[in-house]
Amino acid sequence: MYFIYLGGKDNYPEEFFNIFHALRGDRVYVEPFLGFGAVAKCMSNPRILSDVNKSLVELIRALRDDIDLPIEVTKDEYLRLAKTSPSAVKGWVGFVFSSQSRFFNGFFPPKSSVVENYLLRYQREMKALLGAELLSTSYKKLEIPNNSLVYCDPPYVGTVEYKQTPKFDFFNFWHEWVPDQASKNLVLVSEFFAPMGFYAIWRMMKKSLKGLRYDNLFVHESQYEQVCGILRNVGIQPCADPLFCTQR
Ligand SMILES: C[S@@+](CC[C@H](N)C(=O)[O-])C[C@H]1O[C@@H](n2cnc3c(N)ncnc32)[C@H](O)[C@@H]1O
């Protein structure tokens with residue numbers, strides 16, 4: 001049993017993960033929007049992983065290092081923790097004991113046997129992050145070594161917002177930060193839609209609150225030919241209609 005992290009990529013097909021392995025080469029792997037780390041867990045070191053939600057990062061560290069976390073929590077304790085400063089316990093309670101596993105989205109405690117299963121499962125899974133550099137900062141402040149492979153899985157436009165995180169600056173991200181990073185690194189971005197100047201290299205159909213949509217992996221136009229070349233060399237065909245979801 002496990003919970004689905006909002007926007008998590010856990011159940012994505014093998015071909016999605018193969019793209020990261022194909023593009024990795026000897027690059028450092030960087031993930032500025034870590035979430036529960038579905039892709040990061042499949043990559044080897046060196047890895048720089050970060051998320052703006054400090055309680056989430058503390059939680060991942062605690063799970064990885066087998067630090068004790070509560071199996072039962074009262075509603076009063078839940079409400080109290082929602083107002084405390086970031087910590088692993090706040091992260092654990094905020095996700096696991098909340099409705100839809102969304103951070104402090106209302107008290108909805110699973111049975112203790114279920115929580116125990118979560119704990120064992122995540123302690124086991126987060127061992128895959130041993131040796132990775134774990135940070136908590138906004139993507140804008142993350143220091144990225146040149147020539148890294150940078151995978152961005154940011155909040156998607158028009159979808160449910162992440163609680164207790166600053167409002168996401170979509171304009172800065174797509175029009176300033178990604179083009180700048182793409183001049184120094186190989187950058188992949190997950191989204192339903194991208195602005196002009198981006199090309200999809202992979203996509204799959206996905207259910208969303210607004211019906212069926214394509215979930216894409218985009219690259220900046222300056223990297224499209226290079227990325228397609230690397231993928232074709234290892235037998236991965238980039239998607240046939242790269243501009244289909246580029247419409248803003
Ligand atoms: C779509 S989720 C990532 C899911 C992850 N790929 C997974 O498979 O679990 C987006 C993440 O971006 C984080 N986030 C939101 N705004 C951010 C910002 N300005 N800088 C860094 N991280 C941010 C959220 O806390 C959330 O964990």
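Residues numbered from 1 in each chain as written. Predicted model: local features only at pLDDT ≥ 70, side-chain atom pairs only at ≥ 80, totals over all residues.

### Re the site of the ligand
Of all residues adjacent to the ligand, which total 22 residues, the nearest are Gly-7, Phe-33, Gly-35, Ala-38 and Asp-153. Residues belonging to the shell around the ligand are distributed by class as follows: twelve nonpolar, seven polar and three charged. (Near = placed C-beta within 6 Å. Nonpolar A, V, L, I, M, F, W, Y, C, P; charged D, E, K, R; others polar.)

### Description of the packing of helix α2 (residues 54-64) against helix α4 (residues 88-96)
It is at 7 Å that the axes of α2 and α4 come closest, and there the two elements cross at 100°. Here α2 is positioned roughly perpendicular relative to α4, judged by the angle of their axes. Where α2 approaches α4, its residues Ser-55, Leu-56, Glu-58, Leu-59, Arg-61 and Ala-62 are matched on the opposing element by Ala-88, Lys-90, Gly-91, Trp-92 and Gly-94. Each residue belonging to the contact of α2 with α4 can be placed in one class, and the counts come to five nonpolar, three polar and three charged. (Axes fitted to C-alpha atoms, helices over the stretch in contact; angles between N-to-C directions. Helix = DSSP H or I, 4+ residues; strand = E, 2+ residues; numbered from the N terminus. Parallel < 35°, antiparallel > 145°, perpendicular 65-115°, else oblique. Contact = placed C-beta atoms within 7 Å.)

### A word on the nonpolar core
Trp-92, Val-187, Phe-218 and Val-219 are the most contacted members of the largest nonpolar core, which totals 62 residues. Two domains share this core, each providing at least three of its residues, namely domain 1 (14-52 + 137-233) and domain 2 (63-128). (Core = buried A, V, L, I, M, F, W, Y, C linked by C-beta atoms within 7 Å. Buried ≥ 20, exposed ≤ 12 C-beta atoms within 10 Å, placed from the backbone. Domains from an automatic or database assignment.)

### A word on the environment of Phe-33
Mapping Phe-33 onto the fold places it in the loop between β1 (29-31) and β2 (47-50). Accessibility expressed as a C-beta count within 10 Å gives 22 for Phe-33, which makes it buried. Along the backbone, Phe-33 and Pro-155 are 122 residues apart, and their C-alpha atoms lie at a distance of 8.5 Å. Apart from the residues within four sequence positions on either side, Phe-33 is in contact with Asp-51, Tyr-139, Cys-152, Asp-153 and Pro-154.

### Quick word on the domain arrangement of the chain
Splitting the chain by domain gives domain 1 (14-52 + 137-233) and domain 2 (63-128). Averaged C-alpha coordinates put domain 1 and domain 2 at centres separated by 27 Å. The interface is formed by four residues belonging to domain 1 together with six residues belonging to domain 2. Each residue belonging to the side of domain 1 that touches domain 2 can be placed in one class, and the counts come to one nonpolar, one polar and two charged.

### Remarks on the packing of helix α3 (residues 75-82) against α4
Packed helices, taken two at a time, are described by the angle their axes make and the gap between the axes. Following both chains from N to C, one finds α3 and α4 inclined at 120°, their axes separated by 10 Å at the closest point. Considering the angle they form, α3 stands oblique to α4. The element α3 and its partner α4 pack so that their crossing is left-handed. Contacts between α3 and α4 involve Tyr-78, Leu-81 and Ala-82 from the first element and Val-89, Lys-90, Val-93 and Gly-94 from the second. (Left-handed = near helix turned anticlockwise from the far one by under 90°.)

### Looking at unusual backbone geometry
The linkage connecting Asn-45 with the following residue, Pro-46, adopts the cis geometry, with an omega of 0°. Turning to its location among the elements, Pro-46 is positioned in the loop between β1 and β2. One non-glycine residue with positive phi stands out, namely Phe-104, at about 50°. Assignment of secondary structure puts Phe-104 in the loop between α4 and α5 (112-125).

### Some points on the sheet that holds β1
Here seven strands make up an open sheet; going across it, the order is β3-β2-β1-β4-β5-β7-β6 and the pairing mixed. Each edge of the sheet is formed by a strand with only one pairing partner; in this case those strands are β3 (133-135) and β6 (198-208). Adjacent strand axes in the sheet meet at a mean angle of 15° when their direction is disregarded. Across ten bridges, the pairing between β6 and strand β7 (residues 211-220) is antiparallel. Bridging from a neighbouring strand, Trp-202 pairs with Leu-217 of β7. With respect to the sheet, helix α1 (residues 14-24) is in contact with β1, β4 (149-152), β5 (186-191), β6 and β7, its orientation differing from that of β4 by roughly 155°. (Pairing = 2+ DSSP bridges.)

### Description of helix α7 (residues 224-233)
Sparse coverage of α7 is indicated by the burial of one of its ten residues. Taken from the residues just after α7, Gly-235 is the one with a positive phi, measuring 85°.

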